[in-house]
Amino acid sequence: MKPEMRIGYGWDSHEFKSGIPLKIGGLTLPYDKGLGGHSDGDVLLHAITDALLGAIAGPDIGSLFPPSDPQWKGADSAVFLREALKRVAAAGYHLVNLDSTLILAAPKIGPHANALRKHVAELCGIPTDCVGIKAKTPEGMGTDNAAIAHVAVLLKHSE
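Throughout this document, residue positions are counted from 1 along each chain, in the order its sequence is written. The predicted nature of this model means local features are confined to residues of pLDDT at least 70 and side-chain atom pairs, given and counted, to a pLDDT of 80 or more, with totals for whole chains, interfaces and linings taken over all residues. Note that water and hydrogens are dropped before the side-chain values are worked out from all heavy atoms of the structure.

**Focus on the sheet that holds strand β5 (residues 93-103)**
Okay, step 1: Only strands that DSSP links by at least two bridges are regarded as paired with each other. For helices the rule is a DSSP run of H or I covering at least 4 residues; for strands it is a run of E covering at least 2, with both sets numbered from the N terminus onward. Taken in spatial order, the five strands of this open sheet run β4-β1-β7-β5-β6, and their pairing is mixed. Where the open sheet ends on each side, the last strands, each with one partner, are β4 (33-35) and β6 (131-136). Along the sheet, successive strands turn relative to each other by an average axial angle of 25°, direction set aside.
Okay, step 2: Examined bridge by bridge, β5 and strand β7 (residues 146-157) share 10 bridges and lie antiparallel to one another. Axis definition: a line fit to C-alpha positions, over the contact stretch in the case of helices; interaxial angles, taken between N-to-C directions, run 0 to 180 degrees.

**A look at the layout of surface pockets**
Okay, step 1: Here the largest pocket is characterised by a volume of approximately 230 Å³.
Okay, step 2: Lining residues are defined by having an atom within 4 Å of a point belonging to a cavity or pocket. Those points lie on a 1 Å grid over the protein atoms alone, cavities being sets where a 1.4 Å probe fits but cannot get out and pockets being open sets with protein on both sides within 12 Å along at least five of seven lines. Taken together, 15 residues line the largest pocket, and the ones lying closest to its centre are His14, His46, Ile61, Phe65 and Pro67.
Okay, step 3: Among the elements of the structure, β1 (5-18), α1 (43-55) and α2 (61-64) are those that each provide at least two residues to the lining of the largest pocket.
Okay, step 4: With four residues, the top contributor of residues to the lining of the largest pocket is β1.
Okay, step 5: Residues are grouped as follows: Ala, Val, Leu, Ile, Met, Phe, Trp, Tyr, Cys and Pro are nonpolar; Asp, Glu, Lys and Arg are charged; all remaining types, including Gly, are polar. Looking at the lining of the largest pocket residue by residue, the class counts come to six nonpolar, seven polar and two charged. Grid points are joined across faces, edges and corners, and a volume is the space filled by probe spheres set on the points.

**Some details on the packing of aromatic side chains**
Aromatic ring pairs are described here by two measures, namely the spacing of the ring centres and the angle between the planes.
Okay, step 1: Centres within 6.5 Å make a pair out of two Phe, Tyr or Trp rings, where for Trp the six-membered ring is used; the pair is then stacked when the planes are under 30 degrees apart, edge-to-face when over 60, and tilted otherwise. For the structure shown, the criterion picks out four aromatic pairs.
Okay, step 2: Taken together, a centroid distance of 4.3 Å and an interplanar angle of 35° make the contact between Phe65 and Phe80 tilted. Linking Phe65 in the loop between α2 and α3 (78-90) with Phe80 in helix α3, this pair joins segments that are 15 residues apart in sequence.
Okay, step 3: Exposure remark for Phe65: the relative accessible area of 11% places this residue in the buried category.
Okay, step 4: Every member of this aromatic cluster is reached through a ring pair, and the members are Phe65, Trp72 and Phe80. Each residue gets one of three labels from its accessible area relative to the maximum for its type: buried under 20%, exposed over 50%, partly exposed in between, using a 1.4 Å probe on protein chains only.

Put into structure tokens, the structure is as follows:
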């Protein structure tokens, strides 16, 4: 018998690099640097993907989409999220809600938080009021040139 609910936790980090767009939560945000990574470097979607996969005791994002595989170079991270959601459904669950915290010195996330919530909700197929987006600054922790995302998800067994 499957548990009625499962929780998952994911996190990701990427360093800022010049000359690439900043993708967070599937949106391109205005900033003079983007996040380096083998794919589009979207820390929020990567952390959501890992949280979903972890909740069903699945493989992590790096196992499914290895950075050593050239087909994922520059890939849209929504592809990874869709695969995780497909695996969640195949395991007999659906996403109830998610809560996230972004840690970065700049740009400020507040002006984009509602758009991010709406877009992430659409990507995940859940209501906007079931997506939490918070942002914090690193407060002198030496990570001013990086962005970090922490995500918790709640899954419920599908009837």
